[in-house]
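Residue strings, one per chain:
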Amino acid sequence: MNDLEALAGTLERAGQQVEKVRVSGTISQIAPDAYRVAGLSAHVRLGDRVRFRTGKTSQMGEILRIDAEGVTVKPFSNGIHADLGTRVYRSDAMTLSPHANWKGRVLDALARPIDGKGDLAPGERPVAVDTPPPNPLRRGRVTQPLKTGVRSIDLFTPICAGQRIGIFAGSGVGKSTTLAMIARAQAFDSVVIALVGERGREVREFLDDAIGDNIGRTVTVVSTGDESPMMRRLAPMTAMAIAEYFRDAGESVLMIVDSVTRFAHAARDVALAAGEPAVARGYAPSVFSSLPQLLERAGPGMDGSGSITGIFSVLVDGDDHNDPVADNIRGTLDGHIVLDRAIADQGRYPAVNVLTSISRLAQHAWKPEERDLILRLRSMIARYEDTRDLRLMGGYQPGHDGELDQAVVIVPKIYEALRQDPSAPFSRDAFRELAELLQKN
């Protein structure tokens with residue numbers, strides 16, 4: 001009887017997805033990145049999907065602009081493989097039906113499996129890809145500390161369940177490696193990862209080396225750099241919808257997006273194709289509204305449900321941390337971890353700059369004595385770095401400044417204690433381990 005009920009439910013959902021009336025138009029204009037469709041203006045809204053067939057394949061696009069003469073559509077595939085006069089049909093809004101069996105699978109931005117393990121089992125409840133964030137007055141509080149296993153983070157920028165924090169770094173500073181170390185954390189029931197604009201060869205490396213034995217609790221959504229801007233823009237929203245499904249099921253979810261900057265680049269390409277003006281370093285206004293719409297979806301759910309702890313990597317173009325995108329993201333998140341190229345050049349990984357990194361919810365993770373210790377260590381590190389040039393020139397003489405003498409002795413030991421290789425064991429108690437490492441030296 002259960003099998004019959006399941007079959008009946010599947011048939012009912014399939015029937016709901018079949019349009020009673022098919023509304024269509026024809027392609028009247030083709031450009032390299034978009035095409036125009038006549039005859040649909042009165043029947044569609046911005047963001048609606050359309051489909052058309054070319055031979056035996058079906059292509060999908062999204063409506064970016066509507067005027068009296070027609071609509072502008074940007075395809076999800078690279079290039080436009082259609083002719084003038086091709087008939088284009090309105091399609092339903094994109095929905096997903098996540099299922100617990102999706103854990104361990106690798107999907108594309110349209111939630112199609114790309115791991116060769118067969119079709120995905122559909123869940124019972126379809127969800128929209130671009131749902132709004134929960135009501136701010138009904139969301140739970142963020143107070144429960146978590147251990148990432150990365151000493152430099154657990155000490156200086158501790159994270160709580162439901163917090164959203166960014167990892168800001170230039171290219172080649174160890175951003176993806178740091179994310180891989182966080183992904184090993186055992187404090188989460190589920191892990192959802194969106195790899196946006198990654199190099200194709202790095203996807204397999206990330207899954208095999210970073211996820212490894214944790215693949216059974218991980219859902220990965222991949223959109224590589226060679227895919228269309230539409231797919232790269234969609235990938236983190238698809239991943240977020242999957243994370244929201246597990247959150248609503250009461251699970252503690254780790255959501256990793258690498259990187260939000262490439263999502264912003266894709267959103268910029270889409271906005272420019274729609275005719276928006278570029279207002280800040282080539283970015284259109286809608287880019288700066290789409291970023292908080294994505295980021296605000298992470299965090300605690302409604303009271304009584306689970307939470308989404310968001311780790312968002314931000315690729316800082318040209319190491320400019322005042323880039324408009326980086327600045328917008330930093331103002332939206334609950335903290336930021338800065339990876340410094342100068343620290344990476346010294347061979348210290350993860351290259352976390354503890355002086356410029358901050359967690360706005362650290363007070364919930366630190367005990368009073370731990371907070372006092374961290375403030376003392378920060379002050380000591382700042383004094384050590386401020387006098388670096390003086391010491392290199394030989395202007396430092398021991399015995400004249402007690403605080404500086406202490407910093408010169410202790411700070412190098414702290415730096416050595418914060419050094420952590422990706423293959424190193426998971427950090428269980430960062431404060432105890434720091435004390436032990438300092439005593440050994």
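Calculation rules
Residues numbered from 1 in each chain as written. Predicted model: local features only at pLDDT ≥ 70, side-chain atom pairs only at ≥ 80, totals over all residues. Heavy atoms only, no water. Salt bridge = Lys/Arg side-chain N within 4 Å of Asp/Glu carboxyl O. Buried < 20%, exposed > 50% of the residue type's maximum accessible area, 1.4 Å probe, protein only. Helix = DSSP H or I, 4+ residues; strand = E, 2+ residues; numbered from the N terminus. Pairing = 2+ DSSP bridges. Contact = heavy atoms within 4.5 Å. Phe/Tyr/Trp six-rings, centres within 6.5 Å; stacked < 30°, edge-to-face > 60°. Axes fitted to C-alpha atoms, helices over the stretch in contact; angles between N-to-C directions.

Novice: Describe the pattern of salt bridges, and please don't skip the residues or the numbers.
Specialist: For the coordinates displayed, the defined rule picks out 26 salt bridges. Residue Asp-372 pairs with Arg-371 through a salt bridge whose shortest N-O separation is 3.4 Å. Overlapping salt bridges, with partners in common, bring together Arg-139, Arg-164, Glu-296 and Asp-334 in one network.

Novice: Lay out the pairing of strand β12 (residues 164–169) with the relevant residues and their values.
Specialist: Most of β12 is tucked away, with 6 of its 6 residues classed as buried. Burial along β12 is two-sided: the residues Arg-164, Gly-166 and Phe-168 and Ile-165, Ile-167 and Ala-169 are all buried. Bridge analysis of β12 against strand β18 (residues 335–338) gives 3 bridges, and the strand direction is parallel. Its bridge partner lying in β18, Ile-167 is registered against Ile-337.

Novice: Tell me about the environment of Ser-97, and name the residues and values.
Specialist: Mapped onto the secondary structure, Ser-97 falls in the loop between β7 (95–96) and β8 (106–107). Taking relative accessible area as the criterion, Ser-97 reaches 18% and is therefore assigned buried. Sequence-wise, Ser-97 and Glu-124 are 27 residues apart; in three dimensions their C-alpha atoms are separated by 6.6 Å. In this view, Ser-97 contacts Trp-102, Ala-121, Pro-122, Gly-123, Arg-125 and Pro-126; residues no more than four positions away in its chain are not counted.

Novice: Residue-level account of the packing of aromatic side chains, with values.
Specialist: One pass over the full model with this rule turns up 4 aromatic pairs. Ring centres of Tyr-283 and Phe-288 lie 6.0 Å apart, and the angle between their planes is 65°; this geometry places the pair in the edge-to-face category. Accessibility classification places Tyr-283 together with Phe-288 in one group, the buried group. On the basis of an interplanar angle of 80° and a centroid distance of 6.2 Å, the ring pair of Tyr-384 and Tyr-415 is categorised as edge-to-face. In this pair, Tyr-384 is assigned in helix α10 (residues 368–386) and Tyr-415 in helix α12 (residues 402–418), connecting sequence segments 31 residues apart. Comparing Tyr-384 with Tyr-415 shows no difference in burial state: the two are buried.

Novice: Pulling in residues and values, what's your account of the sheet that holds strand β5 (residues 70–75)?
Specialist: Taken together, 6 strands build a closed barrel; the order of strands is β1-β2-β5-β4-β3-β6 and the barrel is antiparallel. Between one strand axis and the next, the sheet turns by 45° as a mean value, whatever way the strands run. Relative to strand β2 (residues 35–38), strand β1 (residues 24–30) is paired through 4 bridges, and the arrangement is antiparallel. Counted as the bridge partner of Thr-26 is Ala-38 from β2. Sitting on the sheet, helix α5 (residues 229–248) is in contact with β3 (49–54), β4 (57–67) and β5, with an inclination near 75° to β5. Helix α6 (residues 260–273) rests against β4 and β5 of the sheet, and its axis sits at about 155° to β5.

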